[in-house]
Amino acid sequence: MDYDTYGSNAVELAIDLANVDRADPAWVRTFLDAHHEWWTEGTATELTDPEDEAVGQTSSLVREVALAESQPEVMTRLNALLDLASPKPYATDHDGELHLHYARPDAGAVEQLTTTVAMGLSQVVVQHGWQRLGVCSAEGCGNVYVDTSRNASRRYCSNTCSSRSTVAAYRARQRS
Ligand SMILES: [Zn+2]
Ligand SMILES: [Zn+2]
């Protein structure tokens, strides 16, 4: 899996959005500011309530795609997400390297975010298979992940969850 491309990075943005903690009322702004490198300079990150809701809907849809358990289910959910996207390929070298963006540079934050994550997620699913998306096996985690390992063997969202589970399994063996 070529992991250095914009599309692969965009799927990481999608996964971050699916796993975001929505308890804080200001979570959308916090998320947008934490991922500022994705938005055209000057893009407003303070959104209206309906815009915040739209970002929440995108987050839920990405999560649902990752949780789907069959190809038809993935396609239905992915197409619902793509329905919200407004792709407009745009060549840029803002970071010093020529590459394509999926969204218009003058689009608002919601359109830039939704389009980027919908396209990034779709690229990975159609190129590498929907089985590349999964939910963390660590007890009580529930985060989703994209598996970019060569042999598609990933089971945890992070190294933290992986080592936490290894330790728990070891302790369980010690007790028995
Ligand atoms: Zn870029
Ligand atoms: Zn986890």
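What you see is a predicted model; the values in this text were computed from it and never measured. (Residues numbered from 1 in each chain as written. Chains lettered and ligands numbered in written order. Predicted model: local features only at pLDDT ≥ 70, side-chain atom pairs only at ≥ 80, totals over all residues. Heavy atoms only, no water.)

## As for helix H4 (residues 71–82)
- With 12 residues, H4 extends 16 Å from end C-alpha to end C-alpha; this agrees with the ideal 16 Å at 1.5 Å per step.
- If you check which residues of H4 are buried, you get Val-74, Leu-78 and Leu-81. The buried residues of H4 occupy one face: seen down the axis, they fall within an arc of 55°. In H4, the exposed positions that point more than 90 degrees away from the buried face belong to Pro-72 and Thr-76.
- Buried residues along H4 sit in contact with helix H3 (49–67) and helix H5 (109–128). (Helix = DSSP H or I, 4+ residues; strand = E, 2+ residues; numbered from the N terminus. Expected span 1.5 Å × (residues − 1). Buried < 20%, exposed > 50% of the residue type's maximum accessible area, 1.4 Å probe, protein only. Arc of directions from axis to C-beta. Contact = heavy atoms within 4.5 Å.)

## Details of the pattern of salt bridges
- Tallying each qualifying case throughout the model produces five salt bridges.
- Between Glu-46 and Arg-29 there is a salt bridge whose closest N-O contact spans 3.4 Å. Here Glu-46 is found in the loop between helix H2 (27–34) and H3, whereas its partner Arg-29 is found in helix H2, with 17 residues between them in sequence.
- Here Arg-29 falls in the partly exposed class, since its relative accessible area comes to 37%. (Salt bridge = Lys/Arg side-chain N within 4 Å of Asp/Glu carboxyl O.)

## A look at the nonpolar core
- Membership of the largest hydrophobic core comes to 38 residues, with the highest contact counts inside it found for Val-55, Leu-113, Leu-121 and Leu-133.
- Of all the elements in the fold, those that place two or more residues in this core are helix H1 (6–18), H2, H3, H4, H5 and strand S4 (144–146).
- Ranked by residue count, the leading element in this core is H5, at nine residues.
- Here Leu-113 is in contact with Leu-13, Leu-17, Phe-31, Leu-32, Trp-39 and Val-55, once residues within four sequence places are set aside.
- Of all hydrophobic cores here, the second largest spans six residues; its members include Ala-138, Tyr-156, Cys-157 and Cys-161. (Core = buried A, V, L, I, M, F, W, Y, C linked by side-chain atoms within 4.5 Å.)

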